[in-house]
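Spelled out, the chains give:
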Amino acid sequence: MPLPSAAKPVAKCSRLAVACANRLFESAHDRECFLEALTIPPAYAATVLWCREPTSSLPFEPLPPLPWQPPWVSRFAPGSRTGQHPLHEAGAYYCLDSSSVFAAVPLLTLPQEPSLVIDVCAAPGGKSLFAWRSLHPHYLLCNETIGKRVGMLIGNLKRCRVHPVGVTSWDTEVLAAEFQGTADVVIVDAPCSGQSLLAKGQKADGCFHPVTIRHNQRRQKRILAAATTLVRPGGWLLYSTCTFSQDENEGVATWLMATFPHLIPQKVPVLAPYQSHLAAFPCYRLWPQQGEGAGAFTVLWQHQGLGESRPIPDLGNRWRWRSTSQPR
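Residues numbered from 1 in each chain as written. Predicted model: local features only at pLDDT ≥ 70, side-chain atom pairs only at ≥ 80, totals over all residues. Heavy atoms only, no water.

> Provide a residue-level description of unusual backbone geometry, including the pertinent values.
Omega for the peptide link from Ala 123 to Pro 124 comes to 5°, which places this bond in the cis form. With respect to the element layout, Pro 124 can be found in the loop between strand 4 (116–119) and helix 5 (126–135). Cis peptide bonds are those with omega within 30 degrees of zero, and the linkage from His 163 to Pro 164 qualifies with -10°. Tracing the sequence through the fold places Pro 164 in the loop between helix 6 (150–159) and strand 6 (165–168). (Helix = DSSP H or I, 4+ residues; strand = E, 2+ residues; numbered from the N terminus.)

Have a look at this one:
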């Protein structure tokens, strides 16, 4: 059940938000609960990902773990100032939304110590840190196309002492040309309309407008099409968003599987209770009215096609930022 709200109610849901709710839920009760979570946001737990072993004495009041919560993630009472504690500054943990943890949970089903993990849309670094903490890759490559976000990404990786790691700032198609067929795991936490921001009490102007949704749908398809070529045969591709639109989530996933039939969706047993009722294939939703996070969508595919893995290019220096639009 949702925790009591600590946020002020936001403006009444728009006509477009109501239309979205009508598409997402057949039950009037479900629609009402969903829209209420957007207008009167619940107080969600403060969540941290431990980069080192948690301290024996936790710095804040812990909450009971969720069924899908890894042991190196802690949830604390809403309002806990986790970002202002000395342990945060020392890089002991990384603050993130519990929805981000939910979206990355499929990575827990994969073999550990992959040779190369590529996070295609990495800033500010939450999914990269989750992959590093859970998979222990031989090398982690974090890419962020938007140059002004790269500094934040590098700062978080350095503070949390993530290694070995590289940072690039390339367009996804340039990244695909450079690392085609080399990655064991590729993560695409795709840019989206950000509708779950409303469930956090934040503004997301136009997030339900069809133009915004179509723009993000096209952008996600382009990024995923390029990211698909990064995955070696036998490797995995994780796609996630923090929005609710069916066109951006199940719709994009359906398009990808039709376009690249060698990608086979994988079941994630611990997330079975969160199976999306909007799809017949394994994909998972966290809804804001469940009280566990502001909202997320996630799906994991395995490359089960033919082909050979390509050798990993020389990754050069441990820290690098390449902002060029062309491959080296």
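The discussion continues.
> Requested: an account of the packing of helix 8 (residues 210–228) against helix 9 (residues 250–259), with residues and values cited.
One can describe the packing of helix 8 onto helix 9 by two numbers: an axis separation of 10 Å at closest approach and a directional angle of 40°. With respect to their mutual orientation, helix 8 and helix 9 come out oblique. Crossing angle aside, the handedness with which helix 8 passes helix 9 is right-handed. From helix 8, Gln 217, Gln 220, Lys 221, Leu 224, Ala 225 and Thr 228 reach across to helix 9, where they touch Val 252, Trp 255 and Leu 256. Broken down by class, the residue content of the contact of helix 8 with helix 9 amounts to five nonpolar, three polar and one charged. (Axes fitted to C-alpha atoms, helices over the stretch in contact; angles between N-to-C directions. Parallel < 35°, antiparallel > 145°, perpendicular 65-115°, else oblique. Left-handed = near helix turned anticlockwise from the far one by under 90°. Contact = heavy atoms within 4.5 Å. Nonpolar A, V, L, I, M, F, W, Y, C, P; charged D, E, K, R; others polar.)

> Go over the side chain of Thr 182 with me, naming the residues and quoting the values.
Within the secondary structure, Thr 182 sits in the loop between helix 7 (172–179) and strand 7 (183–189). Polar contacts involving the side chain of Thr 182 include one to the main-chain carbonyl oxygen of Phe 179, which spans 2.7 Å. Once residues lying within four places of it in the same chain are set aside, the contact partners of Thr 182 are Leu 116, Leu 230, Arg 232, Arg 310, Pro 311, Ile 312 and Pro 313. (Polar contact = N/O pair within 3.5 Å; in protein donor to acceptor, adjacent residues only side chain to side chain.)

> Go over the environment of Glu 32, please, and point to the residues and values.
Mapping Glu 32 onto the fold places it in helix 2 (residues 28–39). For Glu 32 and Ala 225, which are 193 residues apart along the polypeptide, the C-alpha to C-alpha distance reads 36 Å.

> Break down the sheet that holds strand 1 (residues 46–50) for me, with residues and values.
The strand order across the open sheet formed by three strands is 2-1-3, and the pairing between neighbours is antiparallel. Each edge of the open sheet carries a strand with a single partner, namely strand 2 (73–76) and strand 3 (93–96). Taken over all neighbouring pairs, the strand axes of this sheet differ in orientation by 30° on average, direction set aside. The pairing of strand 1 with strand 3 spans four bridges and is classified as antiparallel. Pairing of Leu 49 across the sheet is with Tyr 94, part of strand 3. This element, helix 5, spans strand 1 and strand 3 of the sheet and lies at about 45° to strand 1. (Pairing = 2+ DSSP bridges.)

> Report on the nonpolar core, specifying residues and quantitative values.
Counting 44 residues, the largest nonpolar core has Trp 68, Phe 102, Leu 107, Val 162, Val 185 and Leu 271 as the members making the most contacts within it. For this core, the element with the highest residue contribution is helix 5, accounting for five residues. Not counting residues up to four positions away in its chain, the partners in contact with Trp 68 are Ser 98, Val 101, Phe 102, Val 105, Val 270, Leu 271, Tyr 274 and Glu 292. Grouped together as the second largest cluster of nonpolar side chains are 35 residues, Trp 170, Val 174, Ala 226 and Trp 301 included. (Core = buried A, V, L, I, M, F, W, Y, C linked by side-chain atoms within 4.5 Å. Buried < 20%, exposed > 50% of the residue type's maximum accessible area, 1.4 Å probe, protein only.)

> Give a detailed account of the packing of aromatic side chains, specifying residues and quantitative values.
Inspection of every chain in the model, using the stated rule, returns 14 aromatic pairs. With 6.0 Å between their ring centres and 90° between their planes, Phe 34 and Trp 287 make a pair best called edge-to-face. Of this pair, Phe 34 sits in helix 2 while Trp 287 sits in the loop between strand 10 (284–286) and strand 11 (296–303), placing them 253 residues apart in sequence. The class for Phe 34 is buried, based on a relative accessible area of 0%. Here Trp 287 falls in the buried class, since its relative accessible area comes to 8%. An angle of 65° between the planes, with centres 5.9 Å apart, marks the rings of Tyr 239 and Phe 297 as edge-to-face. Placement of the pair is Tyr 239 in strand 8 (residues 231–241) and Phe 297 in strand 11, with a sequence separation of 58 residues. The pair Tyr 239 / Phe 297 is uniform in exposure class, with both members buried. (Phe/Tyr/Trp six-rings, centres within 6.5 Å; stacked < 30°, edge-to-face > 60°.)

Worth remembering: the numbers are spatial, not functional.
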